[in-house]
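# Commentary on secondary and tertiary structure
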Amino acid sequence: LKTTDSLQRSKIEVSPRLRKVEVKRSYLRNRQAFLYGAAYCLCSYSMVLLNKLVLTGFNLDAGESFMFYQNLVSVAIIYTLKACGYITTEPLTWKLVSIWFPVNLIFVGILLSSIMSLKYVDIGMLTIMKNLANLITAVGDMYLFRKQHNLQMWISLLLMIVSTNYGGLTDLAFSGISYAWQVTNCLLIAGYTLTLRKTMDGARKATQSGNLSEYSMVLLNNSLSLPLGLGLAFLFKEVDYLLSSLVVRSSMFWFVSTLTRFVGLAISLTSMWFLKETDPTTY
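None of the values given here were measured: they were computed from a predicted structure.

### Examining the nonpolar core
Core analysis: the largest hydrophobic core is formed by 55 residues, its most contacted members being Leu60, Trp100, Tyr192, Leu196 and Met272. Elements with a contribution of two residues or more to this core: α1 (2–57), α2 (63–83), α3 (94–118), α4 (123–129), α7 (176–205), α8 (214–235) and α10 (251–277). In terms of residue count, the dominant contributor to this core is α3 (eleven residues). Sequence-distant contacts of methionine 272, that is, excluding residues within four places in its chain, are made with Trp100, Tyr192, Leu196, Glu214, Met217, Val218 and Asn221.

As structure tokens, this is what we get:
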């Protein structure tokens with residue numbers, strides 16, 4: 001009886017400690033998710049500004065080639081870090097590639113549609129129109145993953161939709177082509193967000209170690225994008241345009257173009273970190 005009483009007393013004493021530990025863990029998870037989200041937002045909007053600078057500031061008319069160069073630089077950065085021993089990546093097996101390839105097609109579509117829409121629409125309007133992707137993702141999250149959203153979430157989404165419509169009505173530089181590209185971009189972003197989490201889980205099972213780091217996922221995305229980007233560049237005859245264009249002789253053009261890829265790499269990493277800590281709708 002004494003032993004039973006002492007055990008019960010110890011449980012009562014330990015219970016508040018366990019609660020404090022759990023509260024501390026929850027706080028750390030929330031803080032980590034917030035930091036990843038803030039980093040992702042900062043990188044994302046920096047990327048929009050830099051892409052706009054390249055496409056309009058240098059009057060570049062080769063979106064597919066620009067995408068190919070960005071992906072090439074990302075692959076080079078990853079392999080350089082790996083060679084220096086800073087990171088490790090999983091071998092690119094056919095099984096892993098086959099699982100990742102569908103989501104990679106969406107990834108390429110996002111890059112292309114974003115570049116094409118930036119050629120015709122200003123940054124402010126593009127930022128507002130991106131809110132449409134949030135609504136599509138939230139609805140998809142409900143039907144695909146049975147996620148229930150609270151009233152505050154729906155009010156936030158409603159305000160985003162109102163701002164998008166109001167912004168469109170007052171857009172003096174309205175362009176049907178840009179709006180079509182941006183709507184396509186929103187659909188692809190929603191599809192990518194909803195499928196990435198599931199693809200990440202499936203890809204982990206196909207690796208030798210049973211784990212798939214963010215660097216491996218970035219390498220997969222950008223490596224698989226290279227043949228697609230190169231094929232599109234030849235299809236739209238951008239190679240001939242670049243060979244005769246004066247913009248490729250500008251050192252500043254190459255500096256800014258390379259800088260976009262460093263930011264793009266940061267976007268890929270922070271988005272995957274953020275998605276691991278939250279759900280598609282919050283992301």
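From this point on, the discussion continues.
### So, a nonpolar patch on the surface
A surface patch of nonpolar side chains, amounting to about 410 Å² of accessible area, comprises Met252, Phe255, Leu259 and Phe262. Along the chain, the position of methionine 252 falls in helix α10. The partly exposed category is assigned to methionine 252, whose relative accessible area is 46%.

### A word on the UniProt feature "transmembrane region" (unreviewed entry) in the protein
Here the UniProt feature "transmembrane region" (unreviewed entry) sits at residues 33–54, 66–87, 99–117, 123–144, 151–167, 179–196, 217–236 and 252–275. This span, residues 66–87, is 82% helix and 0% strand, and a straight line between its end C-alpha atoms measures 27 Å. In this annotation, residues 179–196 is assigned 100% helix and 0% strand; the end-to-end C-alpha distance for the span is 25 Å.

### Some words on unusual backbone geometry
If you check the backbone angles, asparagine 59 has positive phi at about 55 degrees while not being a glycine. On the secondary structure map, asparagine 59 appears in the loop between α1 and α2.

### Focus on the side chain of arginine 204
With respect to the helices and strands, arginine 204 occurs in helix α7. Looking at arginine 204, the relative accessible area reads 17%, which means it is buried. The contact partners of arginine 204, leaving out residues within four places of it in the chain, are Gly210, Asn211, Leu212, Met217 and Lys276.

### Description of the side chain of threonine 258
Structurally, threonine 258 is set in helix α10. A polar side-chain atom of threonine 258 sits 2.6 Å from a polar atom in the side chain of tyrosine 69. Not counting chain neighbours up to four residues away, the residues in contact with threonine 258 comprise Tyr69 and Val73.

### A short note on the environment of glutamate 238
Within the element layout of this structure, glutamate 238 appears in helix α9 (residues 238–244). In this structure, the C-alpha to C-alpha distance between glutamate 238 and aspartate 61, residues 177 residues apart in sequence, is 8.1 Å. Apart from residues lying up to four places away in sequence, glutamate 238 is in contact with Asp61, Ala62, Gly63, Glu64, Ser65 and Ala233.

### Overview of the environment of phenylalanine 68
Along the chain, phenylalanine 68 falls in helix α2. For phenylalanine 68 and leucine 230, which are 162 residues apart along the polypeptide, the C-alpha to C-alpha distance reads 6.2 Å. Not counting the four nearest positions on each side in its chain, phenylalanine 68 is found in contact with Leu226, Gly229 and Leu230.

What counts, and where the lines are drawn
- Residues numbered from 1 in each chain as written.
- Predicted model: local features only at pLDDT ≥ 70, side-chain atom pairs only at ≥ 80, totals over all residues.
- Heavy atoms only, no water.
- Core = buried A, V, L, I, M, F, W, Y, C linked by side-chain atoms within 4.5 Å.
- Buried < 20%, exposed > 50% of the residue type's maximum accessible area, 1.4 Å probe, protein only.
- Helix = DSSP H or I, 4+ residues; strand = E, 2+ residues; numbered from the N terminus.
- Contact = heavy atoms within 4.5 Å.
- Patch = residues over 30% accessible without salt bridge, like charges linked within 9 Å, V, L, I, M, F, W, Y side chains within 5 Å.
- Areas by Shrake-Rupley, 256 points an atom, 1.4 Å probe, with all protein chains shown as cover.
- Salt bridge = Lys/Arg side-chain N within 4 Å of Asp/Glu carboxyl O.
- UniProt positions renumbered as here; feature names shortened; annotations may be inferred.
- Polar contact = N/O pair within 3.5 Å; in protein donor to acceptor, adjacent residues only side chain to side chain.

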